Amino acid sequence: MSYLVKNYNRKNLSFTKGAGSFLYSTNGTKYLDFVQGIAVNSLGHAHPELVKTINKQAKKLWHISNAFQIPEGEELAKKLVKKTFADYVMFQNSGTEATEAAIKIARRYFYSIKKPYKNRIICIKNSFHGRTLASIYASGSKKMTEGFGPKVNGFDHFKFGDHKKLKKLINKKTAAIMVETIMGEGGIKVIPNWCLNGLRQLCNKKKILLILDEVQCGVGRTGNFFAFEESKVKPDIVPIAKGIGGGFPIGAVLMNKKVASAMVAGTHGSTFGGNPLAMKIGKSVLDIISNKDFLKKVKKNSQYFHFELNRIKDQFPKIIKEIRGKGFLIGIQLHEDQSRFIKSLMTNKLLTIKASENVVRILPPLNVKRNEINLALKIIKKVCVSYNR
Ligand SMILES: *Cc1c(COP(=O)(O)O)cnc(C)c1O
């Protein structure tokens, strides 16, 4: 008998410990974990450096309140600002809190410049920005919003790639465009660099804000610190979460000076957000990930992974339709429903997870080793060979 609410479709599998890229199940089976808590454990399970940090800080100070100065948070914010487009950072505890805060910041900015009527945000239909009320209505997904009315107003939607519709949606009430740089849950769909540039230009022309949701694709996942980095685009607001805590719940909103000026004392807050324990862990993760050589290796290893996956695709064109994504945010799109494929991979001790559009999502830790990638490739190929359509 389980006393947990049945709001998840859980696999019948549990674990006792993890180490790097591997998980050990309750019955002693070793799995190659290419889910990593859905792009959360960016450095794998129980990374020695993070274990050290958490132990050291646990003996000193866990939590105080944002009523006081938090030097550990100052330090992490400074590091994030030095590395990125941002001038300021606001800490939260999760992705949806970060996107929700991004929405609030956009609205509050226009309120602060005496244009309170500019409060609508344009998003991509069937995107994913989290599970709080505003976030589900931002996502524009029927499945996620069903039964949770009344509707949270203020979001308009266009289909991925429908530039005409996007332009038509912008009016004097529009405050911002908010999109995932790479749609994660939506099927690992990458917004190309020329498109990101187009979005920035459009936002400049219409004097509205650009919010890039990097909760899944950010923090080194693509081989750059942000997925939008190669486009050279400067967004106004960027929510991050998943990867930054390496498994510890941390969310953050990065923003420029212009919008930060609207967030005066009392406009937003969080009891847990930015506590010393979380901040120390975030700093340790960032110290490792933001290293140039580390990111270079992510690029190199992920390029190898993509190349080899494409070779498998070419061998099995009737099973695999497309290899999607960037860096270690990878989607294998199948021609048909992917559940059976994922189950087969699991039987062969490789853990992966679903995304929309028949996609098998593959999210190795960023420090995955070449021989672990090879092991995954071997299993994927084996499943293809034995897969009867
Ligand atoms: C996971 C995710 C969220 C929500 O994060 P939670 O920590 O689950 O609240 C928001 N946006 C994107 C793009 C995500 O992938």
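**Brief notes about the packing of aromatic side chains**
- Overall, the coordinates contain eight aromatic pairs when judged by the stated rule.
- Ring centres 6.1 Å apart and planes at 90° place the aromatic pair Phe15 and Tyr31 in the edge-to-face group. One end of the pair, Phe15, is in strand E1 (residues 15–19); the other, Tyr31, is in strand E3 (residues 30–33), with 16 residues separating them in the sequence.
- A relative accessible area of 34% places Phe15 in the partly exposed class.

**A short note on the site of the ligand**
- Inspection of the region around the ligand gives Ser94, Gly95, Thr96, Phe128, His129, Gly130, Glu180, Asp213, Val215, Gln216 and Lys242 as its neighbouring residues.
- In the model, an oxygen atom of the ligand is placed 2.8 Å from a nitrogen or oxygen of the Thr96 main chain.
- In the model, an oxygen atom of the ligand is placed 2.8 Å from a nitrogen or oxygen of the Gln216 side chain.
- Protein burial of the ligand: of its 380 Å² of free accessible surface, 82% is covered by the chains.

**A closer look at a positive patch on the surface**
- Together, Lys125, Lys142, Lys159, Lys164, Lys165 and Lys168 line one region of the surface with positive charge.
- By secondary structure assignment, the location of Lys125 is in the loop between strand E5 (120–124) and helix H5 (133–139).

**Quick look at the environment of His163**
- Within the secondary structure, His163 is located in helix H7 (residues 163–169).
- For His163, a relative accessible area of 31% gives the class partly exposed.
- Considering only alpha carbons, one finds His163 and Cys195, 32 residues apart in sequence, at a separation of 9.4 Å.

**Details of the packing of helix H12 (residues 339–347) against helix H13 (residues 370–385)**
- With their axes 10 Å apart at the nearest point, H12 and H13 run at an angle of 125° to one another. In terms of axis orientation, H12 runs oblique to H13. Relative to H13, the crossing made by H12 is right-handed. Where H12 abuts H13, its residues Phe341, Ser344 and Leu345 lie against Ile379, Ile380, Val383 and Cys384.

**So, the layout of surface pockets**
- Put simply, the second largest pocket is a space of about 840 Å³.
- Residue assignment for the lining of the second largest pocket shows that the elements contributing at least two residues are helix H3 (71–83) and strand E4 (88–92).

**What to know about the domain arrangement of the protein chain**
- Each assigned domain of the protein chain is listed here: domain 1 (49–61 + 68–289) and domain 2 (292–367 + 381–389).
- For domain 1 and domain 2, the distance between their C-alpha centroids amounts to 27 Å.
- Counting residues at the interface gives 22 residues for domain 1, matched by 21 residues for domain 2.
- Summing both partners gives a buried area of about 1,800 Å² for domain 1 against domain 2, and 57% of it is carried by carbon and sulfur.

**A closer look at the pairing of strand E7 (residues 174–180)**
- Counting buried residues along E7, seven of its seven residues qualify, which places the element largely inside the surrounding structure.
- As paired strands, E5 and E7 are joined by four bridges and run parallel to one another. The residue of E7 that forms the bridge with Cys123 is Met178.
- Note that E7 and strand E10 (residues 209–213) share five bridges and pair parallel. Bridged to Glu180 within E10 is Asp213.

**Focus: helix H2 (residues 48–58)**
- Inspection of H2 places Leu50, Thr53 and Gln57 among the buried residues, and these make up the whole buried set. Buried positions in H2, seen along its axis, are confined to an arc of 60° and lie on one side of it. Every exposed residue of H2 that faces more than 90 degrees away from the buried side is listed here: Pro48, Lys52 and Lys56.
- Where H2 is buried, its residues contact H3 and helix H10 (276–289).

**Focus on the sheet that holds strand E14 (residues 329–334)**
- Taken in spatial order, the four strands make up an open sheet running E13-E14-E17-E16, and their pairing is antiparallel. Two strands in the sheet have a free side with no partner beyond their single neighbour: strand E13 (320–326) and strand E16 (353–355). Here the strands of the sheet are splayed against their neighbours by 30° on average, with no regard to which way each runs.
- As judged from the six bridges shared by E13 and E14, these two strands associate in the antiparallel manner. Residue Lys326 lies in a different strand from E14, and its bridge partner there is Leu329.
- Sitting on the sheet, helix H11 (residues 292–315) touches E13, E14 and strand E17 (359–362), and the angle it makes with E13 is about 170°.

**Observations regarding the pattern of salt bridges**
- A full pass over the atoms with the stated rule returns 15 salt bridges.
- In this structure, Lys283 and Glu75 form a salt bridge, with 3.8 Å as the shortest nitrogen-oxygen distance. One end of the pair, Lys283, is in helix H10; the other, Glu75, is in helix H3, with 208 residues separating them in the sequence.
- Residue classification places Lys283 among the buried positions, given a relative accessible area of 18%.
- Take Glu75: its relative accessible area is 35%, and that puts it in the partly exposed class.
- For Glu185, the salt bridge goes to Arg361, with nearest N and O atoms at 2.9 Å. With Glu185 in the loop between strand E8 (182–183) and strand E9 (189–190) and Arg361 in strand E17, the pair connects residues that are 176 residues apart, well separated along the chain.
- With relative accessibility at 1%, the residue Arg361 sits in the buried group.

Analysis parameters
Residues numbered from 1 in each chain as written. Predicted model: local features only at pLDDT ≥ 70, side-chain atom pairs only at ≥ 80, totals over all residues. Heavy atoms only, no water. Phe/Tyr/Trp six-rings, centres within 6.5 Å; stacked < 30°, edge-to-face > 60°. Helix = DSSP H or I, 4+ residues; strand = E, 2+ residues; numbered from the N terminus. Buried < 20%, exposed > 50% of the residue type's maximum accessible area, 1.4 Å probe, protein only. Near = heavy atom within 4 Å. Polar contact = N/O pair within 3.5 Å; in protein donor to acceptor, adjacent residues only side chain to side chain. Areas by Shrake-Rupley, 256 points an atom, 1.4 Å probe, with all protein chains shown as cover. Patch = residues over 30% accessible without salt bridge, like charges linked within 9 Å, V, L, I, M, F, W, Y side chains within 5 Å. Salt bridge = Lys/Arg side-chain N within 4 Å of Asp/Glu carboxyl O. Lys, Arg positive; Asp, Glu negative; His and termini not counted. Charge placed at Lys NZ, Arg CZ, Asp CG, Glu CD. Axes fitted to C-alpha atoms, helices over the stretch in contact; angles between N-to-C directions. Parallel < 35°, antiparallel > 145°, perpendicular 65-115°, else oblique. Left-handed = near helix turned anticlockwise from the far one by under 90°. Contact = heavy atoms within 4.5 Å. 1 Å grid on protein atoms, 1.4 Å probe; cavity = no way out; pocket = protein on both sides within 12 Å on 5 of 7 lines; lining within 4 Å. Points joined across faces, edges and corners; volume = space filled by probe spheres on them. Domains from an automatic or database assignment. Buried area = accessible area lost by both parts, 1.4 Å probe. Pairing = 2+ DSSP bridges. Arc of directions from axis to C-beta.

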